[in-house]
Amino acid sequence: MPASTAPQVPPQHEAQDEPAPRPQSRGADTRALTQVLFGQLKALEPGSSEYNRVRGALIEANLPLVRYAAARFRSRNEPMEDVVQVGTIGLINAIDRFDPDRGVQFPTFAMPTVVGEIKRYFRDNVRTVHVPRRLHELWVQVNAATEDLTTLHGRTPTTPEIAERLRISEDEVLSCIEAGRSYHATSLEAAQEGDGLPGLLDRLGYEDPELAGVEHRDLVRHLLVQLPEREQRILLLRYYSNLTQSQISAELGVSQMHVSRLLARSFARLRSANRIEA
């Protein structure tokens with residue numbers, strides 16, 4: 001083949017793939033896309049085809065949030081596909097309830113709903129106490145033997161009868177019966193047997209006065225981590241440790257005037273970041 005017709009090999013640096021986007025960049029892109037989609041959703045008629053299309057795009061864009069929340073329950077020995085599916089229900093509920101005009105980031109608002117839906121799934125559908133596999137399999141046999149003996153004798157069988165039927169010890173039968181109770185936990189709202197008193201929840205429950213400020217505290221925490229480390233420390237000393245500016249200056253070895261300037265600068269940055277987030 002003549003040299004003039006030889007195929008040209010591109011330089012090595014041109015043949016390389018583009019670097020993958022950084023996770024932080026992807027998160028920022030998702031937040032920006034979510035904000036745009038909520039703006040579109042607000043202007044559409046609920047139930048219309050365009051509304052459903054934008055709503056579906058919001059669900060798809062925020063599925064990584066569900067997978068992140070589901071990963072916290074990886075040790076529960078449940079299929080992650082099931083946990084993600086349940087968490088997606090929480091995500092959909094959060095999308096339907098979210099009001100972008102409140103100035104709160106959607107992930108901050110949605111995460112408690114997603115995690116709450118997953119916890120509800122474990123509470124209602126999964127054993128409340130982990131049972132060893134062997135004991136669980138034996139419990140199935142004890143349960144079947146109990147039904148067979150009940151039909152045979154016309155009464156509930158005794159522990160020795162079940163043990164003899166399965167050729168296991170009475171202690172194993174009792175352990176299996178106890179394991180079977182782990183599928184259901186007694187409700188805190190259930191009335192106490194015999195004493196006629198209201199449920200434990202009614203006697204111990206109270207309204208948490210801090211609940212109303214949850215969203216605001218999450219927003220402050222989100223903005224606070226964007227400040228330099230020294231300014232974060234000064235704010236924590238001032239408003240969480242309740243130190244005066246003179247005490248902070250002694251703690252950090254700087255003048256009180258410098259502490260005052262740093263506080264003012266921190267407030268300006270937080271206000272500016274809050275306007276950008278909103």
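Predicted model, so just to flag it, every value in this text is computed and none were measured. (Residues numbered from 1 in each chain as written. Predicted model: local features only at pLDDT ≥ 70, side-chain atom pairs only at ≥ 80, totals over all residues. Heavy atoms only, no water.)

Participant: Would you explain the packing of aromatic side chains in this entry?
Facilitator: By convention here, two paired aromatic rings are described through the distance between centres and the angle between planes. For the structure shown, the criterion picks out five aromatic pairs. Taking 4.8 Å as the distance between ring centres and 55° as the angle between the ring planes, the aromatic pair formed by F38 and F98 counts as tilted. One end of the pair, F38, is in helix 2 (residues 23–42); the other, F98, is in the loop between helix 5 (80–97) and helix 6 (106–125), and 60 residues separate them in sequence. Comparing F38 with F98 shows no difference in burial state: the two are buried. Look at F98 and F109: their rings are 5.4 Å apart centre to centre, the planes differ by 55°, and that puts the pair in the tilted class. Taken as a pair, F98 in the loop between helix 5 and helix 6 and F109 in helix 6 lie far apart in primary sequence, 11 residues in all. (Phe/Tyr/Trp six-rings, centres within 6.5 Å; stacked < 30°, edge-to-face > 60°. Helix = DSSP H or I, 4+ residues; strand = E, 2+ residues; numbered from the N terminus. Buried < 20%, exposed > 50% of the residue type's maximum accessible area, 1.4 Å probe, protein only.)

Participant: Can you help me understand the pattern of salt bridges in this one?
Facilitator: Side chains that carry opposite charge are capable of pairing whenever their charged atoms lie near each other. Applying the stated criterion to the full structure yields nine salt bridges. The partner of K42 in a salt bridge is D101, with the nearest N and O atoms 2.2 Å apart. Here D101 lies in the loop between helix 5 and helix 6 and K42 lies in helix 2, a separation of 59 residues in the sequence. On the accessibility criterion, K42 (53% relative accessible area) is exposed. Here E50 and R53 are joined by a salt bridge, their closest N and O atoms 2.6 Å apart. Within this pair, E50 and its partner R53 are both found in helix 3 (residues 49–61), separated by three residues, close to a single helical turn. With relative accessibility at 49%, the residue R53 sits in the partly exposed group. Bridged by salt links that share partners, the residues E231, R265 and R269 form one connected network. (Salt bridge = Lys/Arg side-chain N within 4 Å of Asp/Glu carboxyl O.)

Participant: How do you make sense of the side chain of S249 when you look at a structure like this?
Facilitator: Positionally, S249 belongs in helix 13 (residues 245–252). Only 2.6 Å separates the side chain of S249 from the backbone oxygen of S246, close enough to count as a polar contact. Residues in contact with S249, not counting those within four places in the same chain, are V254, S255, Q256 and V259. (Polar contact = N/O pair within 3.5 Å; in protein donor to acceptor, adjacent residues only side chain to side chain. Contact = heavy atoms within 4.5 Å.)

Participant: Explain the UniProt feature "domain: RNA polymerase sigma-70" (unreviewed entry) in the chain to me, please; I cannot follow it from the model alone.
Facilitator: Under the present numbering, the feature "domain: RNA polymerase sigma-70" (unreviewed entry) in UniProt falls on residues 82–95. The span residues 82–95 shows a helical share of 100% and a strand share of 0%, and its end C-alpha atoms are spaced 20 Å apart. (UniProt positions renumbered as here; feature names shortened; annotations may be inferred.)

Participant: Please clarify how helix 4 (residues 63–71) should be interpreted in this entry.
Facilitator: An α-helical turn contains 3.6 residues, so a residue and the one three or four places further along point in the same direction. Listed as buried for helix 4 are L65, V66, A69 and A70. Along helix 4, the residues classed as buried sweep out an arc of 135° about the axis, all on the same side. (Arc of directions from axis to C-beta.)

Participant: I tried to follow the nonpolar core on my own but got confused; where do I start?
Facilitator: With 29 residues, the main nonpolar core has F38, L91, I95, F106 and I118 as its most contacted residues. Secondary structure elements with two or more residues in this core: helix 2, helix 3, helix 4, helix 5 and helix 6. With nine residues, the single largest contributor to this core is helix 6. With 13 residues, the next largest nonpolar core counts L219, L224, V259 and A273 among its residues. (Core = buried A, V, L, I, M, F, W, Y, C linked by side-chain atoms within 4.5 Å.)

Participant: Help me understand the packing of helix 3 against helix 5 in this model?
Facilitator: The axes of two packed helices give the description: the angle between them and the distance between them. The N-to-C vectors of helix 3 and helix 5 enclose an angle of 130°; their axes lie 10 Å apart at closest approach. Viewed along their axes, helix 3 and helix 5 adopt a mutual orientation that is oblique. The two elements helix 3 and helix 5 cross, and the hand of that crossing is right-handed. In this structure, helix 3 contributes R55, L58 and I59 to the contact, and helix 5 contributes T88, L91, I92, I95 and D96. Counted by class, the contact of helix 3 with helix 5 contains five nonpolar, one polar and two charged residues. (Axes fitted to C-alpha atoms, helices over the stretch in contact; angles between N-to-C directions. Parallel < 35°, antiparallel > 145°, perpendicular 65-115°, else oblique. Left-handed = near helix turned anticlockwise from the far one by under 90°. Nonpolar A, V, L, I, M, F, W, Y, C, P; charged D, E, K, R; others polar.)

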